[in-house]
Amino acid sequence: MKPLILHGHERAITQIKYNREGDLLFSSSKDTIPNVWYSLNGERLGTFNGHQGAVWCIDIDWTTTRFLSGAGDNSLKLWDVETGTTIGTISTNSPVRACNFSYSANMAVFATDKSMGHQCEIHIIDVRNADESLGKSSPILRIPINGPRVSSLIWGALDETLLTGHEDGEIMQWDLQTGKKISNIKEHDKVIMDMQMSKDATMFITASKDHTAKLFDSDNLMLLKTYKTERPVNSAAVSPILEHVVLGGGQDAMDVTTTSARIGKFDSRFFHLAFEEEFGRVKGHFGPINSVAFHPDGKSYSSGGEDGYVRVHNFDQSYFEYGFDY
Amino acid sequence: MPAAEEVKSSWADEVELEGGALPPSTEVRENGFKILTEYKLGEDNKKVKIVRTYKIEKRIVSKSIALRKTWAKFGESADDKPGPNPATTIGGEDVYMQYVTSKEEDNKVEEDALDKLKMMGDKAVVKCRTCNGDHWTSKCPWKDTALASAKTADGEKKAPQMQPQTADSTTKSTTKYLPPNMRGDGASKRIDNAGMSGARRDDAIAIRVSNLSDSTTDADLEELVKPFGPVHKLYLAKEKQTGQCRGFGYVHFKFRNDAVKAIANLNGHGYDHLILNVDWSKPNTSSNH
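Residues numbered from 1 in each chain as written. Chains lettered and ligands numbered in written order. Predicted model: local features only at pLDDT ≥ 70, side-chain atom pairs only at ≥ 80, totals over all residues. Heavy atoms only, no water.

(A) A look at the overall build of chain A. A count of helices and strands for chain A gives 1 helix and 28 strands. The burial tally for chain A puts 61% of its 326 residues in the buried class. Contacts in chain A between residues at least 24 apart in sequence constitute 43% of all its contacts with a sequence separation of at least 6. Accessible surface for chain A amounts to roughly 12800 Å². Of this, 49% is attributable to carbon and sulfur atoms. (Helix = DSSP H or I, 4+ residues; strand = E, 2+ residues; numbered from the N terminus. Buried < 20%, exposed > 50% of the residue type's maximum accessible area, 1.4 Å probe, protein only. Contact = heavy atoms within 4.5 Å. Areas by Shrake-Rupley, 256 points an atom, 1.4 Å probe, with all protein chains shown as cover.)

Structure (structure tokens):
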């Protein structure tokens, strides 16, 4: 396959996401400007200029009209996708680490970091009629987190629950009616870097610095599968059409010089969903991969790395014909 | 005066004038390709011509996607022309997914070899000259006894005898270079294993189909060879730009028998308006001998 290399960022990519139809690919990086691209030919549609700090998280609503970004400049911005203009800005007390639209895009959630004397907090906001007054309106629900900070979050099925991954590897499930914790589990030993839903939202996959990615039931948080690697996993995604899982990660940039180099450390790694066995690798990045995403049609995938590049791969025919020996 | 004007625009003057300015970039669209030609000054101030060829594709998509395709670019891309901007979008080099099913096998082979070496080391490296036991001569329990002195007494006679003997067995492998696959012992076994597990196993059952017509597609080739048995890999040589068949292809069968059958049946078989030429793939014949 011939990957498209998207070079619109000057610093490490933090997150990439496709919209629902998969024709647009959004990317954010530690430079301050999220980008949006046509996933088919890699043409850049535009940039969202306005943040003052590293953009940590992005999300797109299901109609691809609005775009959400949370940044290190203590703000969350809501954008119009078509024109790239800011609809509203919410100022927070500390950097916004994770953000997400609910499936219906009536609500959005974001989590702030524990820093500068402020504790980590989850905010749920109403974005149905969002305009400039967004910053002044009060959130629907605020959940203060006393323990380890939230490092990643997603909405549960039917927008009824919220799933948060924490810095110590714990996963919590929250009831949105009451704002109370329903359940929690601790299957990871280190920070959870990324959580992504499977296509039908019955399962979700977590990626952790403890060198594993794990698959959970999104309803009762039962651990289903574990994918082991030798390096920190920064992101994981489930294929929407095949029983495949892709993992991206690698040695931290700061550890690269102090550990022995081995070939294949910055590869995207493909695992079989059920057998937990690795069956393929794709090379390309020359730094750890920070975010991976499957195209919603399952025929291509993208990865964004610490090297600042986003690579869009269209799978070869051999990928679809590959039979797993069992 | 017309003559003067003509002189002024002589080609030599034009070359002089053009020295600093670069020719304008052009964009040509023809039969499904967009050819973008640009000129720029490269390093050491030489003019560089850059030709980029894009393939234009038409796709039928849902209304919402089509609408989004018409959106105007914004932000830092506001000034970009339609189509990918080469500054931000780069066509990458070909990469392949590396399938890692044989990983465990390879590791095993390596371990085996290492184990063998270890076993050998324990047994054969240390040998006592006096009693042939597996210890150093200086540590021999018979060192100060009659056995040792008897040996050393006629050692001059014996040692030269011993040496040719040991040398004899080693000369075969040391004096003259032998390629690994010609060597007698464990080495060849290891090579065999490695060769079998690697890509060569595929080559052994690859056939080359040539004299195919231009209009042949992957699907056609597959249809042609499928009746003979399961196909492992299929490659049809195609023209890079037009996607037309270049007249030959390679088929890797899962089983050798199927490949034999395919050659027997397909060689000389009429396909489209041409007569096929089917034989073992070339690298196979050279590696087998």
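(B) Expanded view of the overall build of chain B. Along chain B, the regular secondary structure elements total 11 helices and 11 strands. In chain B, buried positions account for 21% of the 289 residues. Excluding contacts between residues fewer than 6 apart, the proportion of contacts in chain B whose partners are at least 24 apart in sequence is 45%. Of the accessible surface of chain B, which amounts to about 21900 Å², a share of 54% is contributed by carbon and sulfur atoms.

(C) Spotlight on the interface of chain B and chain A. Listed by partner, the interface residues are 32 residues for chain B and 48 residues for chain A. Buried surface at the junction of chain B and chain A, summed over both partners, amounts to about 3400 Å²; 53% is from carbon and sulfur atoms. Scanning the region where chain B abuts chain A turns up 5 salt bridges. A salt bridge links Arg68 of chain B to Glu21 of chain A; the shortest N-O distance between them is 2.7 Å. (Buried area = accessible area lost by both parts, 1.4 Å probe. Salt bridge = Lys/Arg side-chain N within 4 Å of Asp/Glu carboxyl O.)

(D) Layout of the pairing of strand E11 (residues 107–112) of chain A. Residues and elements named next belong to chain A. Burial analysis of E11 places 5 of its 6 residues in the buried class, which makes it a mostly covered element. Sheet topology places strand E10 (residues 96–101) next to E11; 5 bridges connect them, and they run antiparallel. Across the sheet, the residue bridging to Val96 is Thr112, located in E11. Alignment of E11 against strand E12 (residues 120–126), held across 6 bridges, turns out to be antiparallel. When the sheet's bridge partners are listed, Thr112 is paired in E12 with Glu121. (Pairing = 2+ DSSP bridges.)

(E) Expanded view of the pattern of salt bridges. Enumeration over the complete set of coordinates arrives at 21 salt bridges over all chains. With a closest N to O distance of 2.9 Å, Asp23 of chain A and Arg68 of chain B form a salt bridge. Taken together, the positions of Asp23 of chain A in the loop between strand E2 (13–18) and strand E3 (24–29) and Arg68 of chain B in helix H3 (residues 63–69) put the pair across two chains. A single burial state applies to Asp23 of chain A and to Arg68 of chain B, both of which are buried. The shortest N-O distance in the salt bridge between Glu278 of chain A and Arg281 of chain A comes to 2.6 Å. By sharing partners, the salt bridges in this structure join Arg20, Glu21 and Asp23 of chain A together with Arg68 of chain B into a single network.

(F) Examining helix H9 (residues 218–225) of chain B more closely. All names here are of chain B. Considered for burial, the residues of H9 that qualify are Leu221, Leu224 and Val225. Seen end-on, H9 carries its buried residues on one side only, within an arc spanning 85°. The inward-facing, buried residues of H9 abut strand E7 (231–238), strand E8 (245–253), helix H10 (256–266) and strand E9 (270–271). (Arc of directions from axis to C-beta.)

(G) Quick look at the UniProt feature "repeat: WD" (unreviewed entry) in chain A. If you check UniProt for "repeat: WD" (unreviewed entry), the listed places come out as residues 6–47, 48–89, 150–184, 185–226 and 282–312 of chain A in our numbering. Overall, residues 282–312 of chain A shows 0% helix and 52% strand. The separation of its end C-alpha atoms is 12 Å. (UniProt positions renumbered as here; feature names shortened; annotations may be inferred.)

(H) Region of the structure containing the packing of aromatic side chains. If you walk through the whole model with that rule in mind, you get 23 aromatic pairs over all chains. Centroid distance Phe270 of chain A to Tyr301 of chain A: 5.2 Å. Interplanar angle 85°. Geometry classified as edge-to-face. With a gap of 31 residues between them, Phe270 of chain A in strand E24 (residues 268–272) and Tyr301 of chain A in strand E27 (residues 300–305) connect regions that are remote in the sequence. Taking relative accessible area as the criterion, Tyr301 of chain A reaches 0% and is therefore assigned buried. Aromatic pair Phe315 of chain A and Tyr319 of chain A: ring centres 3.8 Å apart, planes at 10°, arrangement stacked. Tyr319 of chain A carries the same exposure label as Phe315 of chain A, and that label is buried. Following the ring pairs from residue to residue traces out a cluster consisting of Phe270, Phe279, Phe294, Tyr301, Phe315, Tyr319, Phe320 and Tyr322 of chain A together with Tyr99 of chain B. Over the ring of Tyr54 of chain B we find Lys34 of chain B, and its NZ or CZ is 5.2 Å from the ring centre. The ring of Trp280 of chain B carries the charged tip of Arg256 of chain B above its face, separated from the ring centre by 4.7 Å. (Phe/Tyr/Trp six-rings, centres within 6.5 Å; stacked < 30°, edge-to-face > 60°. Lys NZ or Arg CZ within 6 Å of the ring centre and 35° of its normal.)

(I) Structural detail: unusual backbone geometry. Of note, the phi angle at Asp159 of chain A is positive, near 60°, even though the residue is not glycine. Summarising the element assignment, Asp159 of chain A is placed in the loop between strand E14 (150–155) and strand E15 (161–166). The class of Asp159 of chain A is buried, set by a relative accessible area of 14%. Residues other than glycine seldom take positive phi values, yet Asp272 of chain B does so here, at roughly 55°. Tracing the backbone shows Asp272 of chain B in the loop between E9 and strand E10 (274–275). Assessed through its relative accessible area of 52%, Asp272 of chain B is described here as exposed.

(J) Just the side chain of Thr164 of chain A, in detail. All names here are of chain A. By secondary structure assignment, the location of Thr164 is in strand E15. Note on Thr164: relative accessible area 0%, which makes it buried. Polar contacts involving the side chain of Thr164 include one to the side chain of His166, which spans 2.9 Å. Among the polar contacts listed, one links the side chain of Thr164 to the side chain of Trp174, at a separation of 3.0 Å. (Polar contact = N/O pair within 3.5 Å; in protein donor to acceptor, adjacent residues only side chain to side chain.)

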